[in-house]
Every structure is written in structure tokens, then in C-alpha cells.
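# Commentary on secondary and tertiary structure
Okay, here's what each chain looks like letter by letter:
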Amino acid sequence: MLSCLHVLRQPDLLGMSVRVLLALVCGGLIGIERSGKRRPAGFRTHILICLGATMTTATSQYMYLVMRYPISMSRMGAQVIAGVSFIGAGAIIMTKWRRVRGLTTAAGLWVVAIVGLCCGAGFYEGAAYATFLVLVAEVFFSKLEFRVLRGMREVTVYAEYARPSCLEEIVTRCHMLGVKIVDLEITRKGEDNSCAVLALQSRRGTGREEVLQTLAGIEGVLTVVEA
């Protein structure tokens, strides 16, 4: 740790100001990236969580070091980790096609709370370093992931069919197209119609339209849409 920052780690007005401002910057940098991707928890949410975690740690330090209360400085910070999990859970949704969305945003909220705890504890280097790595993961690695997987086409299909034998024909047609079935889930199975959600993956360049048209042409298949 940098010795020149020792003065700024003190629980006084200057130290508190630096902690709050750093939390504002770190939370804002992470949040603005989420806002740019139109995620449910964006710029202001990340700032508020980071500030809240910072003030929680700073308050526990002030109560112990200045006011001499016999409390554990780590206890309040531990409650932040548990409490932010409920906020993160609110960012995770499951679509009607049984696909989970918002996991990255929820993880980002959890990390930004940790960054806030670092700011509140005066661990400025850790807060700045963690913020930098989060931005690298969300900006650079997302582009890297897209480039690596762009040759691998993925599509999730919702199919409604009249009889169970139709599902066997769907699987057969997928193999004929060179499409791999990554996941298959039957969401409803009744006397009239049945529904299934299929996660498909193609390496041969088979397009979405070709897959959808082929499956829709199977006799007994009532509905085929991209989930």
C-alpha cells in the first residue's frame, strides 16, 4: 500500500470526503457501462450501492475508533454483503421462454458493494484496482467473448406441437441440419398440446430462419418461434 495515502485513511473530514468521492467515481464508472447496455440496474443504482457500502464501513470505523464503542468494525460490512444479495436478486429475471437474464448485472452490484467497502475502509488501491478489473471484464471480455463465439450460432426455440412423436421429428431434423441440441426442456405436456424449449447451436453456418422454417414445416408442429 502507498504510504503517501496514510493521511487520507484517517477517520476525519478529509478522509471521509476522499472515501465518498472515490465511491462515487468507482460506482459511477461501473454503473455507466451497465446503463449503456440498457440493464435494469444502471448508473444511479451502482452509485447508491457503492456509497451505502462506503458509509457503512466508515460509520463502523468512526464508532469504534472515535466514539470508542465496543463494536466489531467488520460486522456492519458483513451485513452489506448479505443485504445487497436481495437487490441483485431483483435484477435477475426469467423470461417466459425460461431464459435467465440479469446475472451479470447482479454480479456487478455485488462487486460494487465490495468496492464500496474498500473505499469505506480506506483501501483506495484495492477499490481502484477492482473497478479497473470490473470494467475490463465487462467491456473488453464481452467483446472477446463475442469474437470467439461469433462463428458458433446459437438460438433458443419455443415449439408447440400436437403429439409426442413431433418432438422426435424435431430432434431428427435438427441433426439433419447439423444443429446441436444443447438443452431441451418440456414446459408443458398435456392431452391436447405440448410445449418445449430447445437451445440449439450450429457450427455449419445454418441460419435462424432456416432452422425455424424447417421445424415449422414438420407435420403436427403448431408454433415455432425464437425465444
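This text gives an overview of the structure that appears in the document. (Residues numbered from 1 in each chain as written. Predicted model: local features only at pLDDT ≥ 70, side-chain atom pairs only at ≥ 80, totals over all residues. Heavy atoms only, no water.)

With that out of the way, let us pick up the pattern of salt bridges. For the coordinates displayed, the defined rule picks out one salt bridge. One salt bridge connects Glu 169 with Arg 173, and the closest N-O pair in it is separated by 2.8 Å. Placement of both Glu 169 and Arg 173 in helix H6 (residues 165–176) is noted, with a separation of four residues, approximately one turn of the helix. For Glu 169, a relative accessible area of 29% corresponds to the partly exposed category. By relative accessible area, which is 24% here, Arg 173 ends up partly exposed. (Salt bridge = Lys/Arg side-chain N within 4 Å of Asp/Glu carboxyl O. Helix = DSSP H or I, 4+ residues; strand = E, 2+ residues; numbered from the N terminus. Buried < 20%, exposed > 50% of the residue type's maximum accessible area, 1.4 Å probe, protein only.)

Moving on to a nonpolar patch on the surface. A grouping of Tyr 62, Tyr 64, Leu 65, Val 66, Met 67, Tyr 69 and Met 73 is seen on the molecular surface, where their side chains present a nonpolar patch of about 600 Å² in accessible area. Counting residues per element, the nonpolar patch draws most heavily on helix H2 (residues 43–65), at three residues. For Leu 65, the location among the structural elements is in helix H2. (Patch = residues over 30% accessible without salt bridge, like charges linked within 9 Å, V, L, I, M, F, W, Y side chains within 5 Å. Areas by Shrake-Rupley, 256 points an atom, 1.4 Å probe, with all protein chains shown as cover.)

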